[in-house]
Amino acid sequence: MPYSQIGFLVPLNNNLEEDDSASKLPILEGVNILGRDNFSVSDKRVSRKHISLKASLDGSAEVVVEGSNPVVIRAGDQRKKLYSKDKATIAHGDILELIPGHHVFKYVIPTGAKDTPSPQTRKRSSEEGRKLSEDELLVKKRRQIFEDEAFARNLQAELADNSPVQERSLGIEICQSSRSHRVMHEVVGAEPIRHFSVHKDRLPLTFRLLQVQGLPPWANTSSVSIRDVIQGNVLVAILSNYMVDIDWLISACPAIKKIPHVLVIHGEGDGTLDHLKKVKPANWILHKPPLPISYGTHHSKAMLLVYPRGVRIIVHTANLIHVDWNNKSQGLWMQDFPWKDQKDLKKGHEFENDVIDYLSVLKWPEFSVNLPDIGNVTINSSFFKKFNYSSAAVRLIASVPGYHTGPNLKKWGHMKLRTILQESVFDKEFQKSPLVYQGYAAGNAIPSPQKNVEKDFLKKYWAKWKATHTGRCRAMPHIKTYTRYSGQKLAWFLLTSANLSKAAWGALQKNNSQLMIRSYELGVLFLPSSTKDSGYLFSCTDNGGSSEVTCGSSQNAGGRKRELVTLCWRGNQSIDSSSEVIPLPVPYELPPQPYSSEDVPWSWDRRCSKKDVYGQVWPRQVKLYVSQDS
């Protein structure tokens, strides 16, 4: 039986008038899967499966947000923002913003088609039949993707169920192609993260995972939300990120509205920037750092929060959007630092140098604030020299765009990491030990085409994402990490925003005398070292904590040796009993399981005809019924 056309999505211009330069999009009875290709937009924020629209014969339609970015629905003077998986009903005349403030369409039901057709009319239409247009066929074919996406979302929801099924192993077969598949097993009994607990004075020595919705409670042990990070009496906040959703940020962390001065350093394009300007609170400043080289981005993810007692520095991997803080595997490090004593104002530290060097490149507009007990100060990069970083537990690894030569050659990107590692001393067991780093092929959460992930030289490097011990097998990774390991011991570990790309890490040029970097990135490097027994007790928000930090290097020869291990490490003879063991919640299992000869990395444009354990293929097949004269 053919499907009836219910209405159109009509493109609108900035004046909310019909845009004659773009085509109307037909909406058929039933589920319509709509995305970037349907709307003919190049904006990558509009996903290929952005929304589904289920239209009924009475003209009403249910909208479901399928992509990761929010959608806005305007009905009269009401404006409602929908996040991923949210639903709402629209009627004739309602307006959709595919991205808040951008790509605006009006839902229109043609005159005479707003009333439900009579049974006689429907019967006559069926008997006469009609030829399905190419657009209509495409809509029906895309419907299969919507159904499969909905099925995939249910998999993660299973983990939140407390039914007896949780007590047995859960297996998922992920279809990679018609000739291969990959199997991951989630064994609920293996729960090392349940026992991950670090005393608050040791938290700067490790990092934490972000909470994931839908996981059992044990999987979110010691994990954090954005409210755990932005808290207390914050006087000034600098939020650095790539993607920023102010509406979500304020709803997820209401305390941020009370901060007197907020600077948002972002990487958004002009379209989204217009919307950010409209919705931001009046006391917020927006700044996009200079990008002198094409195809670069501001990708760093960090926060600097100034308190009456000091400053909190946070480096993490999540965009400031709902899906990144709720549905993906992410990591976060933070440490609080006190104000310097007057006698120590000119004393520096390697961590301080790294922070100031990086902040000075961002070139944000300076602004003045009046701080309690401090007075009027100008918030610029030099302002952050006023804090005592002598207890810093990590090294900062940053990338900034430009052509770096001379003394700056080793200041940024992979040359900075190389220099620090060359200066560090590691146990002999790590000589020629394996390296682990993440690529993009992490399931449908991060869509990649075949041409990118199936290059021959990459084949020997692929390994499977398996995170049984942290309960995150199905929480696809947006976290970026690099490490060298031996068993469950780690020589070093880097948590960063930097993908494995030349744009992020830089490329040597001119006979290795110049480093070209396109993007801003930021990460923290954990190293084994001698460490004091004190120095990490300081807190900007805990009034019961110490307000003093001994000035000087935390890597003194008289301290205990620090050893880095994963959550799966079990005490053994390979670590000296006098060493301090620091567990890091590495979300994936070591050693990684390499791809077999039958495995291929996930790509959204690969067809899979072999059925998985749920009897599904990719994309999911549906039958199309058309009349005989079609």
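Here the structure is a predicted model, which is why all the values come from computation and not from measurement. (Residues numbered from 1 in each chain as written. Predicted model: local features only at pLDDT ≥ 70, side-chain atom pairs only at ≥ 80, totals over all residues. Heavy atoms only, no water.)

## Topic: the overall build of the protein
(1) Moving on: What the protein contains, in helices and strands, is eleven helices and 32 strands.
(2) Moving on: The buried share of the protein, taken over its 630 residues, is 55%.
(3) Moving on: Counting every atom, the protein has about 28,700 Å² of accessible surface; 48% of that belongs to carbon and sulfur. (Helix = DSSP H or I, 4+ residues; strand = E, 2+ residues; numbered from the N terminus. Buried < 20%, exposed > 50% of the residue type's maximum accessible area, 1.4 Å probe, protein only. Areas by Shrake-Rupley, 256 points an atom, 1.4 Å probe, with all protein chains shown as cover.)

## Details of the pattern of salt bridges
(1) Moving on: Counted by the stated rule, this structure contains 21 salt bridges.
(2) Moving on: Between K328 and D324 there is a salt bridge whose closest N-O contact spans 3.3 Å.
(3) Moving on: Take K328: its relative accessible area is 12%, and that puts it in the buried class.
(4) Moving on: A relative accessible area of 1% means that D324 is categorised as buried.
(5) Moving on: With its nearest N and O atoms 3.4 Å apart, the salt bridge here joins D456 to K459.
(6) Moving on: Looking at D456, the relative accessible area reads 61%, which means it is exposed.
(7) Moving on: One salt-bridge network, held together by shared partners, links D427, E429, K489, K561 and E563. (Salt bridge = Lys/Arg side-chain N within 4 Å of Asp/Glu carboxyl O.)

## Quick look at unusual backbone geometry
(1) Moving on: Between L590 and P591 the backbone carries a cis peptide bond, its omega angle lying at -5°.
(2) Moving on: Relative to the elements of secondary structure, P591 occurs in the segment after β32 (580–584).
(3) Moving on: Located in the positive-phi region is K363, a residue other than glycine, with phi close to 50°.
(4) Moving on: As for its placement among the helices and strands, K363 is situated in the loop between α8 (350–362) and β20 (367–371).

## Focus on the sheet that holds strand β27 (residues 507–509)
Where strands meet in a sheet, backbone hydrogen bonds hold them as pairs that are either parallel or antiparallel.
(1) Moving on: Pairing is antiparallel in the open sheet, where three strands are placed in the order β23-β28-β27. For this open sheet the edge positions go to β23 (402–405) and β27, each flanked by a neighbour on one side alone. Neighbouring strand axes in the sheet, compared pairwise and without regard to direction, differ in orientation by 30° on average.
(2) Moving on: Looking at chain direction, β27 and strand β28 (residues 514–517) are connected through three bridges and run antiparallel. Directly across from A507, in β28, lies its bridge partner M516. (Pairing = 2+ DSSP bridges. Axes fitted to C-alpha atoms, helices over the stretch in contact; angles between N-to-C directions.)

## A look at the pairing of strand β31 (residues 560–566)
(1) Moving on: With five of its seven residues buried, β31 lies for the most part within the structure.
(2) Moving on: Summarising the sheet, β31 and β32 pair through five bridges and their orientation is parallel. Following the sheet pairing, T566 is matched in β32 by L584.

## Description of the pairing of strand β10 (residues 102–108)
(1) Moving on: Note that strand β1 (residues 5–11) and β10 share four bridges and pair antiparallel. Note that in β10 the partner of L9 across the bridge is Y107.
(2) Moving on: Summarising the sheet, strand β9 (residues 95–99) and β10 pair through four bridges and their orientation is antiparallel. Looking at the pairing, L96 lines up with F105 of β10.
(3) Moving on: Turn length for the β9-β10 hairpin, with the two strands adjacent in sequence and antiparallel, is two residues, and the turn residue G101 shows positive phi of about 90°.

## Some words on the nonpolar core
(1) Moving on: Judged by nonpolar contacts, the single largest core of 73 residues is most densely connected at W333, F351, W364, F384 and F526.
(2) Moving on: At six residues, the largest contribution of residues to this core is made by α8.
(3) Moving on: In contact with W364, not counting residues within four places along its chain, are I238, L263, I265, H287, L359, I379, N380, S381 and F384.
(4) Moving on: L210, I250, V262 and L286 belong to the second-largest nonpolar core, a separate cluster that totals 35 residues. (Core = buried A, V, L, I, M, F, W, Y, C linked by side-chain atoms within 4.5 Å. Contact = heavy atoms within 4.5 Å.)

## Section: the confidence of the model for the protein
(1) Moving on: On average, residues of the protein score 80 in pLDDT, and 77% of them are at 70 or above.
(2) Moving on: Long-range and interchain partners of residues 440–446, a stretch whose pLDDT sits below 50, account for 18 contacts in this model, where long-range means more than four residues apart. (pLDDT = per-residue confidence, 0-100.)

## Some points on the side chain of R208
(1) Moving on: Tracing the chain through its elements places R208 in strand β13 (residues 208–209).
(2) Moving on: No salt bridge is formed by the buried R208, whose closest oppositely charged neighbour, D228, lies at an N-O distance of 6.8 Å.
(3) Moving on: Dropping the residues within four chain positions of it, R208 is found in contact with F196, L203, S222, V224, Q330, G331, L332, M334 and P585. (Lys, Arg positive; Asp, Glu negative; His and termini not counted.)

## Here's the deal with the sheet that holds strand β5 (residues 61–65)
(1) Moving on: Read from one edge of the open sheet, four strands run β3-β4-β5-β8, paired in antiparallel fashion. Only two strands of the sheet have a single partner each, and these edge strands are β3 (30–34) and β8 (87–90). Strand-to-strand twist in this sheet, taken as the mean axis angle between neighbours without regard to direction, amounts to 25°.
(2) Moving on: Bridge analysis of β3 against strand β4 (residues 51–55) gives five bridges, and the strand direction is antiparallel. Bridge pairing in β4 places L34 opposite I51.

## A few points about a nonpolar patch on the surface
(1) Moving on: Residues L435, Y437, F457, Y461 and L500 make up a contiguous nonpolar surface patch of roughly 520 Å² in combined accessible area.
(2) Moving on: In this structure, F457 sits in the loop between α10 (450–453) and β25 (480–486).
(3) Moving on: We classify F457 as exposed; its relative accessible area is 55%. (Patch = residues over 30% accessible without salt bridge, like charges linked within 9 Å, V, L, I, M, F, W, Y side chains within 5 Å.)

## Describing the side chain of R472
(1) Moving on: Topologically, R472 is positioned in the loop between α10 and β25.
(2) Moving on: A distance of 2.8 Å separates a polar atom in the side chain of R472 from the backbone oxygen of T470. (Polar contact = N/O pair within 3.5 Å; in protein donor to acceptor, adjacent residues only side chain to side chain.)

## Re the packing of aromatic side chains
(1) Moving on: Counted under the stated rule, the structure contains 16 aromatic pairs.
(2) Moving on: Centroid distance Y482 to W505: 5.3 Å. Interplanar angle 80°. Geometry classified as edge-to-face. Placement of the pair is Y482 in strand β25 and W505 in helix α11 (residues 502–505), with a sequence separation of 23 residues. In this pair, the class of Y482 matches that of W505, namely buried.
(3) Moving on: Three or more aromatic residues joined by ring pairs form one cluster here, namely W333, F337, F351 and Y389.
(4) Moving on: Seen from the ring of F8, K24 lies directly overhead, with NZ or CZ sitting 5.5 Å from the centre. (Phe/Tyr/Trp six-rings, centres within 6.5 Å; stacked < 30°, edge-to-face > 60°. Lys NZ or Arg CZ within 6 Å of the ring centre and 35° of its normal.)

## Some thoughts on the environment of D20
(1) Moving on: One can find D20 in the loop between β1 and β2 (25–28).
(2) Moving on: Taking the C-alpha atoms as reference points, D20 and V10, ten residues apart in sequence, are found 9.4 Å from one another.

## Comments concerning α8
(1) Moving on: Counted at 1.5 Å a residue, the expected span for α8 with its 13 residues is 18 Å, and the 19 Å between its end C-alpha atoms agrees.
(2) Moving on: Turning to α8, its buried residues number three or more, namely F351, E352, D354, V355, I356, Y358, L359 and L362.
(3) Moving on: Two residues or fewer after α8 comes K363, characterised by a positive phi angle close to 50°. (Expected span 1.5 Å × (residues − 1).)

## Thoughts on the environment of L522
(1) Moving on: Within the secondary structure, L522 is located in strand β29 (residues 521–526).
(2) Moving on: For L522, a relative accessible area of 5% puts it in the buried group.
(3) Moving on: Along the backbone, L522 and A504 are 18 residues apart, and their C-alpha atoms lie at a distance of 9.6 Å.

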